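Architecture at a glance
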Amino acid sequence: VAAGSGKTLKVILETGELVDLAVIRAAAELAIRHGADFIKTSTGKTPVSATLGATHVMLQVIHDLDPAVGLKPSGGIRTLDDIAQALQSGADKVAINTAAVATPAFISEAAQRYGSSTVVVHVDAKRNRDGTWQVWTENGREPAPLDAVRWAAQAASLGCGEILVTSIDREG
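Residues numbered from 1 in each chain as written. Predicted model: local features only at pLDDT ≥ 70, side-chain atom pairs only at ≥ 80, totals over all residues. Heavy atoms only, no water.

Considering the overall build of the protein
Counting its regular elements, the protein contains six helices and eight strands. Across the 172 residues of the protein, 44% fall into the buried class. Taking all contacts inside the protein whose residues are at least 6 apart in sequence as the whole, residues at least 24 apart take part in 65%. For the protein, the exposed surface amounts to about 8800 Å²; the carbon and sulfur share of it is 53%. (Helix = DSSP H or I, 4+ residues; strand = E, 2+ residues; numbered from the N terminus. Buried < 20%, exposed > 50% of the residue type's maximum accessible area, 1.4 Å probe, protein only. Contact = heavy atoms within 4.5 Å. Areas by Shrake-Rupley, 256 points an atom, 1.4 Å probe, with all protein chains shown as cover.)

The structure is reproduced here in structure tokens:
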């Protein structure tokens, strides 16, 4: 997407794969140089659970490079305080999955406190043999007893502003 083309370029940085701060910075610089309008950080592609600390490192790197780039951390957001910290670090939105599945009321609480446009429910889904889609949590490591389509509808009714659905089967 060319800068000034009128199109929005959203980039996902799988920060869980990046362990060296210099590499994280280089990846963010590359995205920004090529016109990224919005960067979603994702710390969930490693066997280690996503952490708020990893999310904050990525937010700080991006914010230092270009404060105008929109930011949405995903991974490690489990409490209202985590959301507050992410927003204070420069995030525009936050994506929640595991905490939302464990406590659906968390979606409503977050939307009421920070606004629906701030809350993105991230649905990791995997196709079952019968063709239905099942929700997974803990960075795609734990199956949840939820149908992904029904869960997305429920999350919307609880007040989230966006739903991001990724297919575990198709790497996103």
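So, the pairing of strand S5 (residues 119-127)
Extensive coverage of S5 is indicated by the burial of seven of its nine residues. Judged from the three bridges that link them, strand S4 (residues 94-96) and S5 form a sheet pairing that is parallel. Opposite Val94, over in S5, you have Val119 as the bridge partner. Pairing of S5 with strand S8 (residues 162-167) involves six bridges; the strand directions are parallel. Paired with Ala125 across the strands is Ser167, a residue of S8. Of the pairings in the sheet, the one linking S5 to strand S6 (residues 133-137) comprises four bridges and is antiparallel in character. Each bridged residue has a counterpart across the sheet, and for Arg127 the counterpart in S6 is Trp133. Here S5 folds back onto S6, and the loop between the two strands holds five residues, one of which, Gly131, carries a positive phi near 90 degrees. (Pairing = 2+ DSSP bridges.)

What about the nonpolar core?
Of all hydrophobic cores here, the largest spans 39 residues; its most connected members are Ile39, Ile62, Ile96, Ile107, Val121 and Trp151. With near-sequence residues (within four places) excluded, Trp151 lies in contact with Ala100, Val101, Pro104, Ile107, Val121, Val123, Val135 and Leu146. (Core = buried A, V, L, I, M, F, W, Y, C linked by side-chain atoms within 4.5 Å.)

Concerning the pattern of salt bridges
Counting across every chain of the model gives three salt bridges. Two residues, Glu138 and Arg78, come together in a salt bridge whose shortest N-O distance is 3.5 Å. Within this pair, whereas Glu138 is found in the loop between S6 and strand S7 (142-147), its partner Arg78 is found in the loop between strand S3 (70-74) and helix H3 (80-88), the two being separated by 60 residues in sequence. Judged by its relative accessible area of 23%, Glu138 is partly exposed. (Salt bridge = Lys/Arg side-chain N within 4 Å of Asp/Glu carboxyl O.)

With respect to the side chain of Thr137
Within the element layout of this structure, Thr137 appears in strand S6. Apart from residues lying up to four places away in sequence, Thr137 is in contact with Asn97, Thr98, Val101, Glu142 and Ala144.

Some remarks on the confidence of the model for the protein
In the predicted model, the protein carries a mean pLDDT of 82, and the fraction of residues at 70 or more is 83%. Predicted confidence is poor over residues 45-49, with pLDDT under 50, and the contacts of this stretch with residues over four places away or in other chains come to 13 contacts. (pLDDT = per-residue confidence, 0-100.)

Topic: the packing of H3 against helix H5 (residues 105-114)
Where H3 meets H5, the closest approach of the two axes is 10 Å, and the angle between their N-to-C directions is 40 degrees. The angle between the axes of H3 and H5 places the two elements in the oblique class. Once H3 is placed against H5, the crossing between them reads as right-handed. Seen from H3, the contacting residues are Leu80, Ile83, Ala84 and Leu87; seen from H5, they are Phe106, Glu109, Ala110, Arg113 and Tyr114. Looking at the contact of H3 with H5 residue by residue, the classes come out as seven nonpolar, no polar and two charged. (Axes fitted to C-alpha atoms, helices over the stretch in contact; angles between N-to-C directions. Parallel < 35°, antiparallel > 145°, perpendicular 65-115°, else oblique. Left-handed = near helix turned anticlockwise from the far one by under 90°. Nonpolar A, V, L, I, M, F, W, Y, C, P; charged D, E, K, R; others polar.)

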